[in-house]
Amino acid sequence: MRIIELHFPCVVLLVFAWIGTLDVCRAETHRVETPAELQAVCKVASPGDLIVIGGEVWLDVRLKIRLTGSARKPVTIRSEATWSGESSFEIIGKNVVLDGFVFKNGGLSSGHVMKVRGSHCRVTRCVFEDYNPEKRSTRYQWLSLFGHHHRVDHCRFSGQDHSGCTLVVWLEGDGETEVGKHRIEQNHFLDLPKLMSP
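Being a predicted model, the structure only gives us computed values, none of them experimental.

Calculation notes
- Residues numbered from 1 in each chain as written.
- Predicted model: local features only at pLDDT ≥ 70, side-chain atom pairs only at ≥ 80, totals over all residues.
- Heavy atoms only, no water.
- Core = buried A, V, L, I, M, F, W, Y, C linked by side-chain atoms within 4.5 Å.
- Buried < 20%, exposed > 50% of the residue type's maximum accessible area, 1.4 Å probe, protein only.
- Helix = DSSP H or I, 4+ residues; strand = E, 2+ residues; numbered from the N terminus.
- Phe/Tyr/Trp six-rings, centres within 6.5 Å; stacked < 30°, edge-to-face > 60°.
- Lys NZ or Arg CZ within 6 Å of the ring centre and 35° of its normal.
- Pairing = 2+ DSSP bridges.
- Axes fitted to C-alpha atoms, helices over the stretch in contact; angles between N-to-C directions.
- Contact = heavy atoms within 4.5 Å.

A. Geometry of the nonpolar core. With 38 residues, the main nonpolar core has Leu38, Ile51, Leu67, Phe89, Leu98 and Phe101 as its most contacted residues. The set of elements that each furnish at least two residues to this core consists of α2 (35-44), β2 (50-53), β4 (62-68), β5 (75-79), β7 (88-94), β8 (96-99), β10 (112-119) and β13 (141-145).

Okay, here's the thing in structure tokens:
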């Protein structure tokens, strides 16, 4: 009979590998079709989870979400729907990825189309297109970053034609104690208007 000897370091490595496998298995995919479902899922989501927003158009939806992932396993919210009308989205979180959000054929009266607060969040593959009000003098921001260590990449900002900024890095306010240190890279800014008179 053969006896397999396991030395202590090998046992430790095997145990950690087994624990890591269990950790990965806990990640889940949640599909939501309504704002109420999205809010409910965000309350129970765990690091590594994927939340998919289904449907064709989310019209006049204004949401504020709180969510926390981890550095190794962020929580991802992927939108397959187009946000339109007076829709806006605010995330207060840490280690959250916002993927594929499309804001089109809409506009606000004030505030922010997308507002990111907290730290270590990522906005990627998102589109902000022609999200304009009836009056050019109406002022609001398309994407606002509060907090620190956020990343914005591979997004498209197109056709802004009103008062306000396309992308703003806020260096104070909104209760944040640490700000800046963001990465903004490989984005496209298209068809922006000429400077408006104050």
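B. Quick peek at the packing of aromatic side chains. Here the structure, examined in full by the defined rule, presents twelve aromatic pairs. Judged by centre distance (5.4 Å) and plane angle (15°), the ring pair of Phe103 and Phe128 falls under stacked. Taken as a pair, Phe103 in strand β9 (residues 102-106) and Phe128 in strand β12 (residues 127-129) lie far apart in primary sequence, 25 residues in all. Accessibility assignment for this pair places Phe103 and Phe128 in one class, buried. Considering the side-chain rings of Phe128 and Phe157, the 5.0 Å spacing of their centres and the 5° angle between planes classify their relative orientation as stacked. Of this pair, Phe128 sits in strand β12 while Phe157 sits in strand β15 (residues 156-158), placing them 29 residues apart in sequence. Here Phe157 falls in the buried class, since its relative accessible area comes to 0%. The lysine or arginine in question, Lys115, covers the ring of Phe146, its NZ or CZ lying 5.0 Å from the ring centre.

C. Structural view of the sheet that holds β7. Strand order in the open sheet formed by five strands is β4-β7-β10-β13-β16, with parallel pairing between adjacent strands. Sheet topology places β4 and β16 (167-169) at the edges, where each strand pairs with a single neighbour. With strand direction ignored, the average angle separating the axes of adjacent strands in the sheet is 10°. Both β10 and β13 contribute to a ladder of four bridges, which runs parallel. Pairing of Met114 across the sheet is with Leu143, part of β13. Most of the contacts of α2 go to β4, to which it runs at about 20°, and overall it touches β4 and β7.

By themselves, these are just geometric observations and shouldn't be taken as functional.
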